[in-house]
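Descriptive analysis of the structure
Now for the letters of each chain:
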Amino acid sequence: MAAPGENLQINSDRLWDSIMEMAKIGPGIAGGNNRQTVTDEDGEGRHLFKRWCEAAGLEMGLDEMGTMFARREGTDPELPPVYVGSHLDTQPTGGKYDGVLGVLGGLEVVRSLNDLGIKTRHPIVVTNWTNEEGARFAPAMMASGVFAGVLDQADVYGHVDKAGKKFGEELERIGWKGSEKVGERKIHAFFELHIEQGPILEDEGIDIGVVTHGQGLKWLQVTLTGKEAHTGSTPMPKRRNAGLGMARVIELVHEIAMDYQPDAVGAVGHMEVYPNSRNIIAGRTVFTIDIRSPEKEVLDAMDGRIREGIDTICEALDIKYQIEQVGHFDPVTFDKGCVKAVRDAAERLGYTHRNIVSGAGHDACWINRVAPTAMVMCPCVDGLSHNEAEEITKEWAAAGADVLFHAVVETAEIVA
Ligand code: HGY
Ligand code: MN
Ligand code: MN
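Since this is a predicted model, take the numbers as computed values, not measurements.

1. Side note on the site of ligand 1
Within the structure, ligand 1 sits among Glu 132, Glu 133, Ala 140, Arg 292, Ala 360, Gly 361 and His 386. Between an oxygen atom of ligand 1 and a side-chain N or O atom of His 386, the distance comes to 3.2 Å. Contact with the protein chains covers 96% of the free accessible surface of ligand 1, which is 210 Å². Across the shell around ligand 1, the residue classes break down as two nonpolar, two polar and three charged.

2. Notes on the UniProt feature "binding site: Zn(2+) 2" (unreviewed entry) in the protein
In this numbering, the UniProt entry assigns the feature "binding site: Zn(2+) 2" (unreviewed entry) to Asp 98, Glu 133 and His 386. These annotated residues cover 289 residues of sequence, and their C-alpha atoms lie no more than 9.8 Å from one another, placing them together at a single site. By relative accessible area, which is 4% here, Asp 98 ends up buried. Setting aside its immediate chain neighbours within four residues, Asp 98 contacts His 87, Asp 89, Glu 133, His 194, Ile 195, Gln 197, Ser 385, His 386 and Glu 390. Within polar-contact distance, the side chain of Asp 98 engages the side chain of His 194 at 3.0 Å. Within the secondary structure, His 386 is located in the loop between β14 (373–378) and α12 (394–412).

3. Quick word on the coordination of the manganese ion (ligand 2)
For the manganese ion (ligand 2), the protein coordination sphere consists of His 87 (NE2), Asp 98 (OD) and His 194 (NE2), at 2.1 to 2.3 Å. The two metals, the manganese ion (ligand 2) and the manganese ion (ligand 3), are separated by 3.5 Å and share Asp 98 as a common coordinating residue. Taken together, the residues span a long stretch of sequence, with Asp 98 in the loop between β3 (82–86) and α3 (100–116) and His 194 in strand β6 (residues 189–195) at a distance of 96 residues. His 194 sits in the buried class, given a relative accessible area of 1%.

4. Here's the deal with the packing of aromatic side chains
A ring pair, where both rings are aromatic, is described by two values, the distance of the centres and the angle of the planes. Under the criterion given, the structure shown has nine aromatic pairs. An angle of 75 degrees between the planes, with centres 5.3 Å apart, marks the rings of Trp 129 and Phe 147 as edge-to-face. Of this pair, Trp 129 sits in the loop between β5 (124–128) and α4 (142–147) while Phe 147 is found in helix α4, placing the two residues 18 residues apart along the sequence. Exposure remark for Trp 129: the relative accessible area of 1% places this residue in the buried category. The buried category is assigned to Phe 147, whose relative accessible area is 5%. The lysine or arginine in question, Arg 111, covers the ring of Trp 52, its NZ or CZ lying 5.3 Å from the ring centre.

5. Topic: the nonpolar core
Phe 49, Leu 104 and Phe 191 are the most contacted members of the largest nonpolar core, which has 101 residues in total. The biggest single contributor to this core is α12, with 12 residues. For this core, the two domains that each supply at least three residues are domain 1 (12–215 + 331–412) and domain 2 (216–329). In this structure, Phe 191 is in contact with Val 82, Tyr 83, Val 84, Gly 85, Cys 338, Ala 341, Val 342, Ala 374, Leu 404, Ala 407, Val 408 and Thr 411, ignoring residues within four places of it in sequence. With 24 residues, the next largest nonpolar core counts Met 246, Ala 264, Ile 306 and Leu 317 among its residues.

6. Remarks on the side chain of Arg 292
Among the secondary structure elements, Arg 292 is positioned in strand β10 (residues 284–293). Arg 292 sits in the buried class, given a relative accessible area of 14%. In this structure the side chain of Arg 292 is engaged in a polar contact, spanning 2.7 Å, whose partner is the side chain of Asp 290. Contacts of Arg 292, omitting those with residues within four sequence positions, involve Gln 215, Gly 216, Leu 217, Trp 219, Asp 263, Ala 264, Val 265, Leu 299, Met 302, Gly 359, Ala 360 and Gly 361.

7. Quick notes on the pattern of salt bridges
Enumeration according to the criterion identifies 27 salt bridges in this entry. Note that Arg 121 is salt-bridged to Asp 76, the shortest N-O span being 3.8 Å. Here the residue Arg 121 occupies a position in the loop between β4 (119–120) and β5, and Asp 76 occupies one in the loop between β2 (68–72) and β3, the gap between them amounting to 45 residues. Exposure remark for Asp 76: the relative accessible area of 26% places this residue in the partly exposed category. For Asp 300, the salt bridge goes to Lys 218, with nearest N and O atoms at 3.5 Å. Of the two residues, Asp 300 sits in helix α9 (residues 296–317) while Lys 218 sits in strand β8 (residues 216–225), which places them 82 residues apart along the sequence. On the basis of relative accessible area, Lys 218 is assigned to the buried category, the value being 9%. Among the charged side chains, a network of salt bridges with common partners joins Asp 40, Arg 136, Asp 161, Glu 170 and Arg 173.

8. Considerations on the packing of helix α1 (residues 12–23) against helix α2 (residues 40–55)
Contact pair α1 / α2: the axes reach a minimum separation of 10 Å and the direction vectors enclose 150 degrees. Between α1 and α2, the angle falls in the class roughly antiparallel. Contacts between α1 and α2 involve Ser 18, Glu 21 and Met 22 from the first element and Gly 45, Leu 48, Phe 49 and Trp 52 from the second. A breakdown of the residues in the contact of α1 with α2 according to their chemical character gives four nonpolar, two polar and one charged.

Reading the values: rules and limits
Residues numbered from 1 in each chain as written. Chains lettered and ligands numbered in written order. Predicted model: local features only at pLDDT ≥ 70, side-chain atom pairs only at ≥ 80, totals over all residues. Heavy atoms only, no water. Near = heavy atom within 4 Å. Polar contact = N/O pair within 3.5 Å; in protein donor to acceptor, adjacent residues only side chain to side chain. Areas by Shrake-Rupley, 256 points an atom, 1.4 Å probe, with all protein chains shown as cover. Nonpolar A, V, L, I, M, F, W, Y, C, P; charged D, E, K, R; others polar. UniProt positions renumbered as here; feature names shortened; annotations may be inferred. Buried < 20%, exposed > 50% of the residue type's maximum accessible area, 1.4 Å probe, protein only. Contact = heavy atoms within 4.5 Å. Helix = DSSP H or I, 4+ residues; strand = E, 2+ residues; numbered from the N terminus. Donors = N, O, S within 2.8 Å, 3.2 Å for Na, K, Ca; no water. Phe/Tyr/Trp six-rings, centres within 6.5 Å; stacked < 30°, edge-to-face > 60°. Lys NZ or Arg CZ within 6 Å of the ring centre and 35° of its normal. Core = buried A, V, L, I, M, F, W, Y, C linked by side-chain atoms within 4.5 Å. Domains from an automatic or database assignment. Salt bridge = Lys/Arg side-chain N within 4 Å of Asp/Glu carboxyl O. Axes fitted to C-alpha atoms, helices over the stretch in contact; angles between N-to-C directions. Parallel < 35°, antiparallel > 145°, perpendicular 65-115°, else oblique.

This is the structure:
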């Protein structure tokens with residue numbers, strides 16, 4: 001007789017169909033998704049998730065950051081629940097699986113427990129964290145950051161998008177601002193299933209990433225101010241070209257990241273040029289530097305060198321600069337007990353696995369500060385993510401969700 005939970009497997013068809021159903025909401029223009037946080041599309045996706053949770057007999061909670069908590073009761077309701085989830089918001093040109101696999105993988109765990117008639121001592125709560133991506137409103141992992149006490153709720157309510165809309169007002173407008181105070185829930189453990197968003201697992205032909213660490217991140221928003229002038233009649237020595245300044249800073253960020261290989265990364269993905277007219281020298285540019293490293297010392301060193309470099313570049317071009325840190329978390333070490341639960345599950349299920357450091361940030365990185373936390377990763381095709389062509393196989397999704405299933409159920413303690 002298998003030990004309790006020994007041969008548990010999820011229903012991979014149902015998981016895959018749910019992911020494809022969610023992907024119909026906020027479709028992109030090239031096969032992916034544009035379901036950005038607190039847009040109407042996000043609201044529609046939330047309604048679908050809520051319907052599914054209620055159909056699975058879960059009770060939905062909603063906090064003041066709009067994070068959704070769908071609870072399956074345990075035989076001992078007083079025990080702190082095991083949380084499992086991720087995020088349903090996407091990048092503007094995002095894929096179908098980033099975040100969604102983790103939320104619907106968590107729902108699939110509950111759906112499978114219901115099918116099998118299995119009870120657990122600890123309750124289980126499937127979670128959709130608001131605004132993980134930080135694409136429309138910085139910073140990334142916003143709601144989980146408020147939950148962990150590292151971001152201020154009143155402050156982030158005032159963060160604005162490119163159209164000048166405020167996060168708090170948009171959350172209210174789509175009708176998903178709850179009344180529950182943020183961060184008061186006690187978490188026994190948190191597990192997040194996520195696609196790797198990098199090439200390692202696929203390149204090595206490995207099914208499961210056992211995430212031991214998450215690399216640290218800094219987002220520096222830079223504003224360069226020069227002077228708008230005619231591109232034809234202004235002599236080169238008299239120009240104060242903020243566009244040229246931005247170009248030099250972008251090159252600098254790349255060069256500095258290359259100095260700390262093989263792990264450090266750096267790029268500028270968000271760029272705004274004003275007035276952005278063909279025959280006006282850019283008077284102002286606003287852009288965000290994204291630097292990351294598994295080592296805090298390297299992250300701090302890159303930060304310092306970039307700030308010095310910006311000063312030198314602006315001195316030479318006679319332009320002014322402002323630097324605002326709009327996102328930051330130090331490298332994360334996940335809970336050894338939870339990581340072991342993930343590794344043991346992969347082992348028991350016969351999936352190939354390896355330890356891995358997460359290149360991307362995740363809600364788990366913040367929740368790890370307030371509860372024992374670990375992540376399960378599955379491969380993605382060509383390691384591609386934050387691109388509408390993001391793809392995984394049904395088998396990879398099933399393997400990841402099976403491992404999640406075992407890790408969650410073991411930690412929530414099956415009642416035989
Ligand atoms: O930026 C990140 O790493 C995450 O995808 N929000
Ligand atoms: Mn994600
Ligand atoms: Mn993402």
